[in-house]
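One letter stands for each residue in the lines below.
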Amino acid sequence: MTEFDLKNKLTDYCEIGMHYFLRCLPIFCCSWLGAFFGRILGPQHKEVNQRLRRNIQYLRPDLTKEQEIQKITKLYWSNYGRVMAEFSVLRRIWRSNRV
């Protein structure tokens, strides 16, 4: 087993563990944690984050300040993390008529 395979397996196990941990939490906690982790872990994916910033600049050429682009990327990662985390409690969200 190579180092790359080991890292992928550890990542997979952490994601599975996080999924089952989030299933135990109330919906609002799950959603909040997803947004929190999205803001922290999302920008760590350098290539994806760079592509995101390029796309924002392409779609919104009127945004010239770095702070505006940074704000949009932060909101994106927050939303992305929230959506991914809420998959863990999707059945409860559906039953609570939030959809």
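Preceding block: the structure.
Note that residues are indexed from 1 along each chain, following the sequence as it is written. Where totals are concerned, whole chains, interfaces and linings use all residues; where local detail is concerned, this predicted model gives features only for residues with pLDDT of at least 70, and gives and counts side-chain atom pairs only at 80 or more. The basis for every side-chain value is the complete set of heavy atoms in the structure, and neither hydrogens nor water enter the calculation.

(A) The overall build of the protein chain, seen in detail. Here a helix means four or more residues in a row that DSSP labels H or I, a strand means two or more in a row labelled E, and each is numbered from the N terminus. Along the protein chain, the regular secondary structure elements total five helices and zero strands. Taken from the N to the C terminus, the helices and strands of the protein chain come in the order α-α-α-α-α. Taken over the C-alpha atoms alone, the protein chain extends approximately 45 × 45 × 15 Å along its principal axes. Residues count as neighbours in contact if any of their non-hydrogen atoms are within 4.5 Å of one another. Contacts in the protein chain between residues far apart in sequence, at least 24 positions, make up 66% of those at least 6 positions apart. We get accessible surface area from the Shrake-Rupley algorithm with a probe of 1.4 Å; when it comes to residues, only the shown protein chains can shield them. Accessible surface computed for the protein chain: about 8,100 Å², of which carbon and sulfur atoms make up 60%. Averaging the coordinates of the 17 positive side-chain charges in the protein chain and doing the same for the 9 negative ones gives two points 9 Å apart. His residues and chain termini do not enter the charge count, which takes Lys and Arg as positive and Asp and Glu as negative. Where a charge lies is defined by one atom per residue type: Lys uses NZ, Arg uses CZ, Asp uses CG and Glu uses CD.

(B) Representation of a nonpolar patch on the surface in the model. Patch definition: residues above 30% relative accessible area lacking any salt bridge, with like charges linked at up to 9 Å and the nonpolar side chains Val, Leu, Ile, Met, Phe, Trp and Tyr linked at up to 5 Å. Salt-bridge detection follows one rule: a side-chain nitrogen of Lys or Arg within 4 Å of a carboxyl oxygen of Asp or Glu. Among the surface-exposed residues, Met18, Phe21, Trp32, Phe36, Phe37, Ile40 and Leu41 lie close enough to one another that they form a single nonpolar patch of about 640 Å² accessible area. For the nonpolar patch, the secondary structure elements donating two or more residues are α1 (3-23) and α2 (27-41). Of the residues forming the nonpolar patch, the biggest block, five residues, is contributed by α2. Tracing the backbone through its elements, the reader meets Met18 in helix α1.

(C) How the structure looks around helix α3 (residues 46-59). For α3, which comprises 14 residues, the first-to-last C-alpha distance of 20 Å matches the rise-based estimate of 20 Å (1.5 Å per residue) to within 8%. Taken together, the buried positions of α3 are occupied by Asn49, Leu52, Arg53 and Ile56. Seen from one end, α3 has its buried residues packed into an arc of 95 degrees, which puts them on one side. Relative to its buried face, α3 has exposed residues pointing more than 90 degrees away, namely Glu47, Arg54 and Tyr58. Looking at the buried positions of α3, the neighbouring elements they touch are α4 (66-86). Expected span of a helix, by definition, is 1.5 Å for each gap between consecutive residues, and there is one gap fewer than residues. Burial here depends on accessible area, computed with a 1.4 Å probe over protein chains only, as a share of the maximum for the residue type. Under 20% is buried, over 50% is exposed, and the range in between is partly exposed. When we speak of the arc, we mean the arc of directions from the helix axis to the C-beta atoms.

(D) Seen up close, the packing of α2 against α4. Running from amino to carboxyl end, α2 crosses α4 at an angle of 135 degrees, the nearest separation of the two axes being 6 Å. Taken together, the axes of α2 and α4 lie oblique to each other. The element α2 and its partner α4 pack so that their crossing is right-handed. Residue-level contacts link Cys30, Ser31, Trp32, Gly34, Ala35, Gly38 and Arg39 of α2 to Lys74, Trp77, Ser78, Gly81, Arg82, Ala85 and Glu86 of α4. Note on definitions: angles span 0 to 180 degrees between N-to-C directions of axes, and those axes are lines fitted to C-alpha atoms, for helices only across the stretch in contact. Each angle gets one of four labels, with under 35 degrees taken as roughly parallel, over 145 as roughly antiparallel, 65 to 115 as roughly perpendicular, and the rest as oblique. For any helix crossing, the convention is left-handed if the near helix is rotated counterclockwise from the far helix by under a right angle, and right-handed if that rotation is clockwise.

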